[in-house]
Amino acid sequence: MTSPNSPDEERDSGAVVLLSGPPGVGKSTVARLLTEAPGEPASAWLHADDYWAVLGHDAVPPYLPAARHQNEVVIGVLARAAAGYAAGGYLTVVDGVIGPWFVEPFLAETVRALGATPHYVVLRPDRETTLERGTTRPDHPLTDPGPIEAMYRQFADLGRYERHALDTTGQPPAATADAVRAALASGRCRLPGG
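Source: prediction; values computed, not measured.

## A look at the side chain of H164
Structurally, H164 can be placed in the loop between helix 6 (145-156) and strand 5 (165-166). Within the local environment of H164, its side chain forms a polar contact with the backbone oxygen of C189, the two atoms lying 3.1 Å apart. With residues near it in sequence (within four places) discarded, H164 still touches Y120, V121, V122, R188, C189, R190 and L191.

The structure is reproduced here in structure tokens:
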């Protein structure tokens, strides 16, 4: 891949990495390590919370059933943005609570833009770690243990996506970032077909 300091050179094709899991598992910290470390390929980091934050006064908290249509719209916009950055040659890391029920838009947009499927990596420490981290985040709008536990349960059994889960219990962020890099390199977490 060409250096991000040579804008006139054509970039190689990028990739989309969906870095997911319940709230508080360290997605944003790991995304930062994956995209901001020296020596990493040219990259883009899309923090999914930012896409919900632009909604107006009538926005519904995304974890509520009434937010279904709103969430589908936001995910569609996020999937198109991720595919666009990747088509421009960027390793594009999407950091958000993206359950298997939201994988399809990313799959379709990435295949359309790149002719390749995205990677789907779910950070999944144990329940106690998730609740401890999720409920003690300073200045975060979601620290209520009820929704965090509900979302943890949604990620507890990923069915056909179970191989995409990484047990990050007890891992410092740098070790988790290394585990994600290894999973990406092996192709273990690439989504099938498309």
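Now, onward.
## Some points on the confidence of the model for the chain
Per-chain confidence: the chain averages 89 in pLDDT, with 93% of residues scoring 70 or above. The least confident element of the chain is helix 5 (residues 127-135), whose mean pLDDT is 87; the most confident is strand 4 (residues 119-123), at 98. Low pLDDT, under 50, characterises residues 1-9; the predicted model gives this stretch 11 contacts beyond four residues in sequence or across chains.

## Comments concerning the pairing of strand 3 (residues 91-95)
Each regular strand displays side chains that alternate between the two surfaces of the sheet. With five of five residues buried, strand 3 lies mostly within the body of the structure. With five bridges joining them, strand 1 (residues 15-20) and strand 3 adopt parallel strand pairing. Across the sheet, residue A15 finds its bridge partner in strand 3, namely L91. Bridge count for strand 2 (residues 43-47) against strand 3 is five bridges, and the pairing is parallel. In the strand pairing of strand 3, H47 is matched with D95.

## With respect to the pattern of salt bridges
Tallied over the full model, the rule gives seven salt bridges. Here R127 makes a salt bridge to E149, at a shortest N to O gap of 2.7 Å. Of this pair, R127 sits in helix 5 while E149 sits in helix 6, placing them 22 residues apart in sequence. In this structure R127 comes out as partly exposed when scored by relative accessible area, which is 34%. A single salt-bridge network, built from bridges that share partners, covers R127, E128, E149 and R153.

Definitions and limits used
- All residue numbers refer to positions counted from 1 along the written sequence of the respective chain.
- Thresholds applied to this predicted model are a pLDDT of at least 70 for local features of residues and 80 or more for the giving and counting of side-chain atom pairs; totals over whole chains, interfaces and linings are not thresholded and use all residues.
- To obtain the side-chain values, all non-hydrogen atoms of the structure were included, while hydrogens and water were left out.
- We count a stretch as a helix when DSSP gives it H or I for four or more residues in a row; a strand needs E for two or more, and each element gets its number in order from the N terminus.
- Polar contact is the term for a pair of N or O atoms within 3.5 Å; when the atoms are in protein, one must be able to donate a hydrogen and the other to accept it, and sequence-neighboring residues count only if both atoms are side-chain atoms.
- Residues are treated as being in contact if the distance between any of their heavy atoms lies within 4.5 Å.
- The predictor's confidence in any single residue is recorded as pLDDT, a number from 0 to 100.
- Here's how the labels work: a residue is buried when its accessible area is under 20% of the maximum for its type, exposed when over 50%, partly exposed in between, all with a 1.4 Å probe on protein chains only.
- Strand pairing follows a simple DSSP-based rule, namely that at least 2 bridges must link the two strands.
- By convention in these notes, a salt bridge is any Lys or Arg side-chain nitrogen within 4 Å of a carboxyl oxygen on Asp or Glu.

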